[in-house]
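What follows is the residue order along each chain.
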Amino acid sequence: MTLQLDYSLALTERTPGCGLDLPSLRELAPRVDEAVTALSERDDLGFFRLPTERDVLAEINAFVDEQAHIKEILVLGIGGSSLGGQTILNAVAPQDARPVHFLDNSDPTRLARILKTLDPATTLAIVMSKSGGTIETAAQFLIVHEWLGARASTNLVAVTDPDNGILRAFAKSAQLRTFPIPSDVGGRFSVLTAVGLLPARLAGVDAEAMLRGATEMAERCRRPLFENPAALFAAIHYLHDRDHGRRIHVLMPYSDPLRALANWFVQLWAESLGKRTSRTGEVIESGPTPLPAVGATDQHAQVQLFMEGPRDKLVTFVATEAPAHDLVIPKTTVPGYEYLSGHSLFEILDAEQRGTAVALSRDGRPSLLLKLPTLGAFELGELFFLFEAATAISGELYDIDAFNQPGVEAGKNLAYGLLGRDGYQHVGDDVRQEEASGSRHIC
Ligand code: PA5
């Protein structure tokens, strides 16, 4: 058994009125297949080769073997340099794993609180930044570096570009232990580099199985449209958006351990597909809006909106055939609760997911289902690669560059100016002037 994409409820045959039919999907097939071929021929997309690489994992395994004295781990990083690791640990970390704290913000509250509880002698800090220049990460790093004191030489590790950036230069001069994020792997596509593998191994996750899952999915993602789950995911989302106004793409795992996956997907989809211009420079301001949700929690929050609000959403459910753990409800005579006797919590989640999908479909609202046999490291690897490949294929369909993020740079540069970074002072002056001028309306 392997991961399956069930797209029956995304088509008019089973969801009358949703607009998308099989012939439209077939019509798009040559374009999708062309996109898959074009992507596979590019040699600048390093994430495609990561599933089969084992050298860095071997290095990580050797490093992890030396960390028996470490009790807790701090991961400093943001965006693509944090969300992948969070997803892995949330999904498949063993129950007895060492605590791993991901500090993915420059908000002082959490860092101050965590540092008070930790001991530099038994804490390993990992600073992750592909560029090495990210403000939030640099700020956390400087605070944690000082907090570690003399321990920094042994208890601080850098994960960054192999050659470039401030962090690489510092790590070299301070002789820190480092692991690379290959230059041709973008931040949000880096979960299968040391960015994800290092926290995974430190927590005892079977990273080898995760890479095997990704390798199997990578093979499926090279096939023609109707045999390729990533291509189908991309094509169905694209057509529902382009032709039927479904611009909001919801990822809704019915699983607590996959809560973080929804956030990882949101970053991948949003930062890759939200672009001002097409690849030829035409202004198109394109991009669907990804939305995270979790079942059954969101049945008591967002599902009302999905069921009765604007018909602008395509929901993807993620569910497993069998749970990693389950709890059976005891036999009860409490009046009104008897129907729950003997059912398990997993059966309830399963029934709620199926019920929600059918209720949406009866009202002409489409959904997809990603079904996993169970949730383990292998299946997580499959999911990671599927979404990354689907994002790359979507970039081709929307005709945008899915691998840059000029919009992120714009705000970052203005913040550099406000913080007085060398070479950016004039930018800061301009922002202050803009803020002070013009009319203000304050209540
Ligand atoms: O996908 C991306 O490139 C971004 O989300 C980055 O991961 C994020 O901005 C952090 O960048 P860096 O790893 O350079 O610190």
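Since this is a predicted model, take the numbers as computed values, not measurements.

Scanning all chains against the criterion turns up 18 aromatic pairs. Where Phe47 meets Phe189, the ring centres are 4.8 Å apart and the plane angle is 35°; that geometry is what we call tilted. Of this pair, Phe47 sits in the loop between helix H1 (22-40) and helix H2 (55-65) while Phe189 sits in the loop between strand E6 (177-180) and helix H8 (194-202), placing them 142 residues apart in sequence. Each member of the pair, Phe47 together with Phe189, is buried.

By definition, the strands of a sheet pair up through backbone hydrogen bonds, in either a parallel or an antiparallel sense. Ordered in space as E1-E12-E11-E7-E10, the five strands form an open sheet in which the pairing is mixed. Both edges of this open sheet fall to strand E1 (4-6) and strand E10 (289-292), since each of them pairs with a single strand only. Between one strand axis and the next, the sheet turns by 20° as a mean value, whatever way the strands run. Here strand E7 (residues 248-253) pairs with E10 via four bridges, running parallel. Looking across to E10, one finds that His249 is bridged to Pro290. The sheet contacts of helix H14 (residues 377-398) involve E7 and strand E12 (367-372), and relative to E12 the element is tilted by about 150°.

What follows covers the pairing of strand E11 (residues 313-320). Counting buried residues along E11, eight of its eight residues qualify, which places the element largely inside the surrounding structure. On E11, burial covers both faces: Lys313, Val315, Phe317 and Ala319 on one face and Leu314, Thr316, Val318 and Thr320 on the other are all buried. Examined bridge by bridge, E7 and E11 share six bridges and lie parallel to one another. The partner of Leu251 across the bridge, within E11, is Thr316. Pairing between E11 and E12: six bridges, direction parallel. Following the sheet pairing, Thr320 is matched in E12 by Leu372. This β-α-β element, E11 to helix H13 (residues 345-362) to E12, shows right-handed connectivity.

The biggest cluster of nonpolar side chains holds 97 residues, and the ones touching the most others in it are Ile88, Ile126, Phe387 and Ile393. It is H14 that contributes the most residues to this core, 13 residues altogether. No fewer than three residues from each of domain 1 (4-41 + 210-398) and domain 2 (47-205) sit in this core. Discounting chain neighbours no more than four positions away, the residues touching Ile126 are Ile73, Leu74, Val75, Leu76, Val157, Val159, Leu198 and Leu202. Counting residues in hydrophobic clusters, the runner-up holds 18 residues, among them Leu111, Val127, Phe141 and Leu167.

This part takes up the environment of Leu142. Tracing the backbone through its elements, the reader meets Leu142 in helix H5 (residues 135-148). When its relative accessible area of 58% is taken as the criterion, Leu142 is described as exposed.

Another aspect to go through is the sheet that holds strand E2 (residues 72-76). One open sheet holds the five strands; their spatial order is E3-E2-E4-E5-E6, and the pairing between them is parallel. Looking at the sheet topology across the chains shown, the edges are occupied by strand E3 (100-103) and E6. The sheet shows a mean angle of 20° between the axes of neighbouring strands, direction not considered. The pairing of E2 with strand E4 (residues 123-129) spans five bridges and is classified as parallel. Residue pairing for E4: Val75 is matched across the bridge by Ile126.

Here we take up the environment of Leu372. Mapped onto the elements of the fold, Leu372 is located in strand E12. Assessed through its relative accessible area of 0%, Leu372 is described here as buried. Linking Leu372 and Ala139, residues 233 residues apart in sequence, is a C-alpha distance of 39 Å. What Leu372 contacts, discounting residues up to four positions off in sequence, is Leu3, Leu258, Val318, Ala319, Thr320, Glu321, Glu379 and Leu383.

Scoring rules and cut-offs
- Residues numbered from 1 in each chain as written.
- Predicted model: local features only at pLDDT ≥ 70, side-chain atom pairs only at ≥ 80, totals over all residues.
- Heavy atoms only, no water.
- Phe/Tyr/Trp six-rings, centres within 6.5 Å; stacked < 30°, edge-to-face > 60°.
- Helix = DSSP H or I, 4+ residues; strand = E, 2+ residues; numbered from the N terminus.
- Buried < 20%, exposed > 50% of the residue type's maximum accessible area, 1.4 Å probe, protein only.
- Pairing = 2+ DSSP bridges.
- Axes fitted to C-alpha atoms, helices over the stretch in contact; angles between N-to-C directions.
- Contact = heavy atoms within 4.5 Å.
- Right-handed = clockwise from strand over helix to strand, strands pointing away.
- Core = buried A, V, L, I, M, F, W, Y, C linked by side-chain atoms within 4.5 Å.
- Domains from an automatic or database assignment.

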